[in-house]
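Coordinates in review
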Amino acid sequence: MIRKKVIVKNPEGIHARPASALVKLASSFNSDFYIYSHGYKINGKSILGVLTLAAECGAELELECSGEDEKIALQRIVELFERNFTDTTDK
Amino acid sequence: MHKKNGNTDRSKTVILNGTPSSPGIAYGPVFLYDKSEPVISTSVIASKDIREEQAKIQSAIRVVDLELRKVEQFTREDPDEETSAETSEILAFQREILKDPDLLSSINQNIRQDLVTADRAIFSAFRLYLDRLKNSPSSFFKDRIPDLKEIRDRLIQAVQQKKMLQKIPEQSVVVCRELSPGDIILFARKKVKALVSERGGLTSHASIIAKSMGIPFVFGVNKLMSTVSEGDTIIVDGSSGTITVHPDDELLEIARLSISAFEILEQQRQSVSNEPCQTKCGRKITVQANVELETELDRVKLYNAEGIGLLRTEAFFLYGQNENEQTADDPNREQRSFLEKAARTIGEQNITVRLFDVGGDKLPGYAKEEANPFLGWRGIRILLSKPALLYGQLELILKTLSKHPCKTSIMVPMITGLEEVIQVRTMFDRAVKKLEIEPLSVKLGIMIEVPSAALTAGYLAPYVDFFSIGTNDLTQYTLAADRTNRMVHQLYNSMHPAVWQLIKKTVDAGNEHNIPVSVCGEMASSPVAASLLVGLGITRLSMNAASIPDVKQYMRGYKYDYLKTLAEEIVKAGSVKEVDEICKRMNEQ
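Note that the structure is predicted; figures quoted are calculated from it, not measured.

**Thoughts on the overall build of chain B**
Check the secondary structure of chain B and you find 23 helices and 17 strands. Considering only contacts in chain B between residues 6 or more positions apart, those separated by 24 or more positions represent 71%. Carbon and sulfur atoms make up 50% of the accessible area of chain B, which amounts to about 26,200 Å² in all.

**Comments concerning the sheet that holds strand 4 (residues 173–176) of chain B**
Residue and element names in this part refer to chain B. Strand order in this open sheet of 8 strands is 1-8-7-3-4-5-6-2, and the pairing throughout is mixed. Taken across any chain shown, the strands that pair with only one partner, and hence form the sheet edges, are strand 1 (14–17) and strand 2 (19–22). Along the sheet, successive strands turn relative to each other by an average axial angle of 25°, direction set aside. As paired strands, strand 7 (residues 233–237) and strand 8 (residues 242–245) are joined by 4 bridges and run antiparallel to one another. Following the sheet pairing, Val 236 is matched in strand 8 by Ile 243. With respect to the sheet, helix 10 (residues 249–274) is in contact with strand 3 (25–33), strand 7 and strand 8, its orientation differing from that of strand 3 by roughly 115°.

**Observations regarding the packing of helix 18 (residues 471–479) of chain B against helix 19 (residues 497–512) of chain B**
All names here are of chain B. In the contact formed by helix 18 and helix 19, the axes pass within 10 Å of each other and the chain directions differ by 125°. Taken together, the axes of helix 18 and helix 19 lie oblique to each other. Where helix 18 crosses over helix 19, the handedness of that crossing is right-handed. Seen from helix 18, the contacting residues are Thr 471, Leu 474, Thr 475 and Thr 478; seen from helix 19, they are Ala 498, Val 499, Leu 502 and Ile 503. Considering only residue class, the contact of helix 18 with helix 19 consists of 5 nonpolar, 3 polar and no charged.

**Observations regarding the sheet that holds strand 3 (residues 40–43) of chain A**
Residue and element names in this part refer to chain A. As summarised here, the arrangement of the 4 strands in space is 1-4-2-3, forming an open sheet in which the pairing is antiparallel. For this open sheet the edge positions go to strand 1 (2–7) and strand 3, each flanked by a neighbour on one side alone. Going from strand to strand, the sheet's axes swing by 25° on average, the running direction of each strand aside.

**With respect to the confidence of the model for chain B**
Within chain B, residue pLDDT values average 86, and 89% of them lie at 70 or more. Across residues 1–9 of chain B the pLDDT falls below 50, and counting only partners more than four positions away or on other chains, this stretch makes 10 contacts in the model.

**Some thoughts on the side chain of Glu96(B)**
Assignment of secondary structure puts Glu96(B) in helix 2 (residues 85–98). Sequence-distant contacts of Glu96(B), defined by excluding residues within four places in its chain, comprise Ser20(A), Val23(A), Lys24(A) and Ile47(A).

**Regarding the interface of chain B and chain A**
At the interface, 23 residues of chain B touch 26 residues of chain A. Both sides together, the interface formed by chain B and chain A hides about 2,200 Å², and carbon and sulfur atoms give 66% of it. It is Glu96(B), Arg132(B) and Phe141(B) that lose the most area in chain B upon contact with chain A, and together they represent 28% of the buried surface on that side. Run the count over chain B and chain A and you get 0 salt bridges. The residue inventory of the side of chain B that touches chain A, partitioned by class, reads 12 nonpolar, 3 polar and 8 charged.

**Re the packing of aromatic side chains**
For the structure shown, the criterion picks out 6 aromatic pairs over all chains. On the numbers, 5.9 Å between centres and 45° between planes, the contact of Phe217(B) with Phe219(B) is tilted. Residue classification places Phe219(B) among the buried residues on the basis of a relative accessible area of 18%. Among the aromatic residues, those joined into a ring-pair cluster are Tyr554(B), Tyr558(B) and Tyr562(B). Over the ring of Tyr34(A) we find Lys41(A); its NZ or CZ atom is 4.2 Å from the centre of that ring.

**Points about the nonpolar core**
Residue and element names in this part refer to chain B. If you look at the biggest cluster of nonpolar residues, it comprises 188 residues, and the most contacted ones within it are Phe 467 and Leu 541. Ignoring sequence-local partners within four residues, the contact set of Phe 467 consists of Ile 446, Ile 448, Ala 457, Leu 460, Ala 461, Thr 506, Ala 509, Gly 510, Ile 515, Pro 516, Val 517 and Ser 518. Residues Ala 26, Val 196, Val 228 and Val 245 belong to the second largest nonpolar core, which totals 16 residues.

**Thoughts on the pairing of strand 13 (residues 407–412) of chain B**
Residues and elements named next belong to chain B. Burial runs high along strand 13: 5 of the 6 residues are buried. Summarising the sheet, strand 12 (residues 350–354) and strand 13 pair through 5 bridges and their orientation is parallel. Residue pairing in the sheet places Ile 351 in a bridge with Thr 408 of strand 13. Note: strand 13 against strand 14 (residues 442–448), 5 bridges, orientation parallel. By the bridge assignment for strand 14, Val 412 is matched with Ile 446. At this point the chain moves from strand 13, through helix 15 (residues 418–434), to the parallel strand 14, and the crossover so formed is right-handed.

**As for helix 3 (residues 101–114) of chain B**
Three or four residues apart is the spacing at which side chains of an α-helix point the same way, because the helix has 3.6 residues per turn. Residues and elements named next belong to chain B. Taking 1.5 Å per residue as the helical rise, helix 3 with its 14 residues ought to reach 20 Å, and the 20 Å between its terminal C-alpha atoms agrees with that figure. Where helix 3 is concerned, the buried positions are Leu 103, Leu 104, Ile 107, Asn 108, Asn 110 and Ile 111. For helix 3, the arc enclosing every buried residue in end-on projection is 150°, short of the 170-degree limit, so these residues lie on one face. The opening residue of helix 3, the one whose side-chain oxygen lies 2.8 Å from the backbone nitrogen of Asp 102, is Asp 100.

**Here we look at the pattern of salt bridges**
One side chain can pair with another of opposite charge once the charged atoms of both are near each other. Taken as a whole and judged by the stated rule, the model has 25 salt bridges over all chains. The partner of Lys56(B) in a salt bridge is Glu53(B), and the shortest N-O contact between them spans 2.8 Å. Here Lys56(B) and its partner Glu53(B) are both found in helix 1 (residues 50–77), 3 residues apart, which amounts to about one turn of the helix. For Glu314(B), the salt bridge identified is with Arg354(B), shortest N-O distance 3.2 Å. A residue pair is termed long-range when its members are at least 10 positions apart, and Glu314(B) in the loop between strand 11 (308–311) and helix 12 (333–346) and Arg354(B) in strand 12 qualify at 40 residues. It is possible to trace a salt-bridge network through shared partners that takes in Arg3(A), Glu62(A) and Glu64(A).

**A closer look at helix 15 of chain B**
Residues and elements named next belong to chain B. Between its first and last C-alpha atoms helix 15 spans 24 Å; for 17 residues at 1.5 Å apiece the expected length is 24 Å, and the two agree. All buried positions along helix 15 are accounted for by Glu 420, Val 421, Val 424, Arg 425, Met 427, Phe 428, Ala 431 and Val 432. At the exit of helix 15 stands Glu 436, carrying a positive phi of roughly 55°.

**A few points about the side chain of Gln476(B)**
Relative to the helices and strands, Gln476(B) resides in helix 18. Discounting residues that sit within four places of it in the chain, Gln476(B) has contacts with Phe374(B), Ala481(B), Asp482(B), Arg483(B) and Tyr492(B).

Definitions and limits used
- Throughout this description, residue numbers start from 1 for each chain and increase along the sequence as written.
- Each chain takes a letter, starting from A, and each ligand takes a number, starting from 1, following the order in which they are written.
- Residues qualify for local features only when their pLDDT is at least 70, as the model is predicted, and side-chain atom pairs are given and counted only at 80 or more; totals for whole chains, interfaces and linings, by contrast, use all residues.
- For side-chain calculations, the full set of non-hydrogen atoms in the structure is used, while hydrogens and water are omitted.
- A run of H or I in DSSP counts as a helix once it spans at least four residues, and a run of E counts as a strand once it spans at least two, with each numbered from the N terminus.
- Contacts are residue-level and defined by heavy atoms, with any inter-residue pair within 4.5 Å sufficient.
- Note on areas: Shrake-Rupley with a 1.4 Å probe; residue coverage comes only from the protein chains shown.
- Strand pairing is defined by DSSP finding a minimum of two bridges between the two strands.
- Axes here refer to lines fitted to C-alpha atoms; in helices the fit is confined to the stretch in contact. Angles between the N-to-C directions go from 0 to 180 degrees.
- What sets the label is the angle itself: under 35 degrees gives roughly parallel, over 145 gives roughly antiparallel, 65 to 115 gives roughly perpendicular, and the rest give oblique.
- A clockwise turn of the near helix away from the far one marks a right-handed crossing, whereas an anticlockwise turn of less than a right angle marks a left-handed crossing.
- Charged residues are taken to be Asp, Glu, Lys and Arg, nonpolar residues to be Ala, Val, Leu, Ile, Met, Phe, Trp, Tyr, Cys and Pro, and polar residues to be all remaining types, Gly included.
- Scored from 0 to 100, pLDDT reflects the predictor's confidence in each residue.
- Buried area counts how much accessible surface, traced with a 1.4 Å probe, disappears from two parts once they are put together, with both parts' losses summed.
- By definition, a salt bridge exists where a carboxyl oxygen of Asp or Glu is found within 4 Å of a side-chain nitrogen of Lys or Arg.
- Working definition: a ring pair exists when centres of Phe, Tyr or Trp rings (six-membered ring for Trp) sit within 6.5 Å. Plane angles under 30 degrees give stacked, over 60 give edge-to-face, the rest tilted.
- Residue exposure (1.4 Å probe, protein chains only): buried if accessible area is under 20% of the type maximum, exposed if over 50%, otherwise partly exposed.
- In our convention, an over-ring charge means Lys NZ or Arg CZ found within 6 Å of a ring centre and within 35 degrees of that ring's normal.
- What we call a nonpolar core is a set of buried Ala, Val, Leu, Ile, Met, Phe, Trp, Tyr and Cys residues that are connected through their side-chain atoms within 4.5 Å.
- Call a crossover right-handed when, viewed with both strands pointing away from you, the route from the first strand across the helix to the second goes clockwise.
- Residue count minus one, scaled by 1.5 Å, sets the expected span of a helix.
- Our arc is simply the arc of the directions from the helix axis toward the C-beta atoms.
- Here a polar contact means two N or O atoms within 3.5 Å. Within protein one must be a hydrogen donor candidate and the other an acceptor candidate, and residues neighboring in sequence count only if both atoms are side-chain atoms.

Take a look at the structure:
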């Protein structure tokens, strides 16, 4: 199990589209993925969970991945936060 | 005309105005459709019924997902409507909710632990999320509340559908605060006369569906809900946007006259579809309908389609089911009943059923995000790696339809090459033999939608009984352009000469081996493209039933030889611009 803190940087926060992107990415890994924020723990593969975090710009979240592919999963998810939830261009 | 005072004391005629959204005039008694608070059952279920209630959830999720997908499709197919990025985002978001693993397990848990009915289980599961959003400090998150409520209410409706439908009287005019596209599909089944809503919302999509179902629809009517009550007589003019509440006899008479005028126009349109589809010189073309929803079956008859050229079955694919929550006793019941209804609609005509055409994300327990899903694990690629699933569907279709007088064809999606064709053929023949069906009475064909299949069509033809060209995927794979991607959708153009070369190649292979070649993509429903395809040698077209009159009407204006000359020019053209000029010449003729 590994953890990392991130800060939401896009101006609108994790609204519908970023939440979809995050859930889709997280669901592509076998590892469990949880987000901790203000004492809540939510399943990062649940779109309703992610949305109802209501994470605005500047919010600090702690991400947790556990499972066989936890390293790559966490890395990819952190990257998604860093590029403000825009689409991948990993061509 | 006599004027009576009968309906005037309490009820003075009131005229309201809204935005006309789907043409036609109708009148009838008001049915108030109150969506604000769905009525939830309070009964407790017996523990032996837990599985049955949980099965209702699965089927509701599937129905709602299908409706949302249908809305996306209708939106794309409507040339007048600019898909706003925002609404497609909402649709994508709502479909994502249907896949939420926490939501599903919380609903199932509610049923199991509290022994509540499916509708209450859904309602409670959503309450937690809605409360959190309500308490959110940011308006941005509060704004998502209506989207969430809408999907919740759609799920509840889907569960309660039978009960709900019984309550709506036929021939009534549905009046409501807000109308979702899914609602319209629901009301179409009940043959309501017209639809009126006070607000907008997702209405651009709703109106596309109302139009294609032929139901007059007016939205954005101020003070609607405070003016009308249940049972009031109301006239709806979907062409002008005028709503007349408590019309006097004179106004009703005018409405009747307008309705008959409108009906005459519509009959003229339909009478075109009564005539055979042919060119000016009498070359006959078989015109069939594409069908995905049960409600679309009515239109197959209405527009005189000569059978169903594409019956989609994706809706019945085991939807993201957890393997340990296999609930339904007979997982094939719904698919079988859909096939039977389709068979009863078309009588002795042909029905072409396409095998499951889905991406890997629909498989239980499959969680790999593919970098390029359209180039990934989908269609026949999935089916061949799950032989039991493939064989099961083949057998189900053959067995169900063999009890009906229809001609049965089965069509395989996403074929890329010979090996796949041979494998499916072997399995198909085995099923036919096992079921003791006369081998020549059932046909197996393939979709030509990948360039490699078009280019090697001559090698595939000996193993199949027909080709059906899926022009949407063929275009996207040939031009490497995803039409849902706003950055490149201008590259997506079925009139590109490269696409036409591949169609020509397929038609030639079909002719050489004496098997029919049809087109079932959107190109078939565009009068210009359909006519030019006929010029290229296509003899069967399958389209949205509502497009049939326009295609027939247009095609009658041209001789086959002329269409053939133009089609040959398109195949030889060097650019889309050249093709555009050829089409322009055609329209000026």
